[in-house]
Amino acid sequence: MQHSARHTSISSSAKSAIIFVIVAGVLGCAVWLGWSLLHRRYTLPTFSGLQSSVKVSVGITGAPESLDIRTTDDDSLDRVLLGNVYETLLKRDDNNKIQPSLASSWKVSEDGTTYRFNLRSGATFADGTTITSSDAVWSLQQIITKKYVGSDELSALSNVESDGNSTLVLRLREPDPRLLAKLTTRIGIVYNQRENIDYAKQASGSGPFTVSQWQSGKQLTLSRNDHYWGSKSKAKTVTVNFAADTTELAKALNNGQIDAAVALDQSAADAVKDDGIVKKQGVSNRKVVLAFSNNTQSILSDKRFRQAVRYLIDKNAMTEALGGGTVMTGPLSPLDDGYQKTDETFGHDIGKGNDLIKYFRFRVSRRPLTFVYPKEYGSQIGEQVKQTMYAEPAYSDVSVSMVNDAIILTGYDESHVTYVDSENGESKTVTQDHQYDFTIYETDGEDDLDLLMNSNSYIGFVSTDSQSAWSKALKSFSSDDYAKNFQSFIGTLDDDSPVDWICTRKPISAYRSNITGVPVNMTYTQLPLADMTTTD
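What you see is a predicted model; the values in this text were computed from it and never measured. (Residues numbered from 1 in each chain as written. Predicted model: local features only at pLDDT ≥ 70, side-chain atom pairs only at ≥ 80, totals over all residues. Heavy atoms only, no water.)

Details of the sheet that holds strand 7 (residues 167-172)
In step 1: Read from one edge of the open sheet, four strands run 4-5-7-6, paired in antiparallel fashion. The open sheet has two edge strands, strand 4 (103-108) and strand 6 (157-162), and neither has a second partner. Along the sheet, successive strands turn relative to each other by an average axial angle of 20°, direction set aside.
In step 2: In this structure, strand 4 lies alongside strand 5 (residues 114-119), joined through five bridges in antiparallel fashion. The residue bridging Ala103 from the neighbouring strand is Leu119, located in strand 5.
In step 3: Of the strands in this sheet, strand 5, strand 6 and strand 7 are in contact with helix 3 (residues 133-145), which crosses strand 6 at around 155°. (Pairing = 2+ DSSP bridges. Helix = DSSP H or I, 4+ residues; strand = E, 2+ residues; numbered from the N terminus. Axes fitted to C-alpha atoms, helices over the stretch in contact; angles between N-to-C directions. Contact = heavy atoms within 4.5 Å.)

In structure tokens form, the structure reads like this:
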């Protein structure tokens, strides 16, 4: 009986202790909530015992020289900061589809000139303050008035305003059916207007990370944002190491300097030791394009000759020579906005190519065609084009020049980009003087459309039909009209053949077997790191 009484006493004491702990916890949370309401901070408190202390590292090519995403025009900056440190109103997933981000939903008026975005409830900046529509308004105003990188993409915007704390309203002078896509880029960032930092060396936004260390051109350390409104980073820190090329990345992984490397080409992936390493191949919309000079001095300014070349080029063989990829059947890749699977118009068909090119037999014998391209693609590409064009009935000589450190960039301001011949150091101004007939460039997504439709670019493409179809698509009122008009434009552009779209790259991620959450798809343009951690 005494034993029973003692047991009852102990149980009663234990219950009292448990009740005390629960009450104390509730009161503590109530105090914290009251303080948060006063200071506009709503992130739930974290307990260090429940947080991972894991530290991981990943290697990539391309190193930004500044962290100022507002003024530094460098795609490598978007790659490491967007989605990790800064967040945009909308975002792209790893299949390149537009998804909600800081805006949880949106609505477009029937005439396509008014966009209403509902901001995500509970979203906060890294300092814990709640994101409101006034922050979004201020951010867009700063981008436009201070002419930050990409501000020209908002030329149709006439007014930006708040409708309460959680609704952003954008009013346009004219429809812009690509506006949602644009708001997934840096011009869609919502900045903290109360932040006072040196943007060149620091970065702070609403993403799952903050920047804790930055060594220009070498390394960027991201630390978990404990105030993050969404699913927090699984690792305490993720260090991004920058390399000059994929060969250097493979060496770093083999030497144990990094835990993972992304966007490797096949040769670099083959150089990575298989012992304890996982390799996964992803998909992307990075295109390799064989460009034709549409300048009137080149025979490739004739549409029929360009079409003939597209029939004659063996894209499967060229893709293999480029290190592999997915052969394209037209201007769009499967991950591009507006892609629709259709039969290839200009598939490899020597008969059709010869039927077109025989009419140019005497014209092409006047001078050899020139193929100028970056040395990194190897000599096999040049030989393929050379043999293709010399075959009967074309009998066209092709002069091949491989060049060092030359990449044709897509955009409007490459008028002074030059190529230096790798053999004799002779400068060849490709983009300014159009001293080429063929060249190669790489581009992501639909970026090359703006290049192709700018008649002042080094491609020099001029087509009334394509330009008319492009203008009609851009003036579409609704998404349905745009989809229809855009498909019509793509068909017209494909027929005009200003270039030949060869293949899309298939990036390879390699990482240690105890590492999880390494991004695989779309790693040329985005690098979501919040899921990266170890199984140890």
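Concerning a negative patch on the surface
In step 1: The grouping of Asp245, Glu248, Asp265 and Asp270 at the surface amounts to a negative patch.
In step 2: With respect to the element layout, Glu248 can be found in helix 5 (residues 246-254).
In step 3: The partly exposed category is assigned to Glu248, whose relative accessible area is 36%. (Patch = residues over 30% accessible without salt bridge, like charges linked within 9 Å, V, L, I, M, F, W, Y side chains within 5 Å. Areas by Shrake-Rupley, 256 points an atom, 1.4 Å probe, with all protein chains shown as cover. Salt bridge = Lys/Arg side-chain N within 4 Å of Asp/Glu carboxyl O. Lys, Arg positive; Asp, Glu negative; His and termini not counted. Charge placed at Lys NZ, Arg CZ, Asp CG, Glu CD. Buried < 20%, exposed > 50% of the residue type's maximum accessible area, 1.4 Å probe, protein only.)

Re the confidence of the model for the protein
In step 1: The pLDDT averaged across the protein works out to 86; a share of 84% of its residues lies at or above 70.
In step 2: Segment residues 1-15: pLDDT under 50, and zero contacts once partners within four positions in sequence are set aside and those in other chains are kept.
In step 3: Below pLDDT 50 for its whole length, residues 17-24 participates in zero contacts with residues either more than four positions away or in separate chains. (pLDDT = per-residue confidence, 0-100.)

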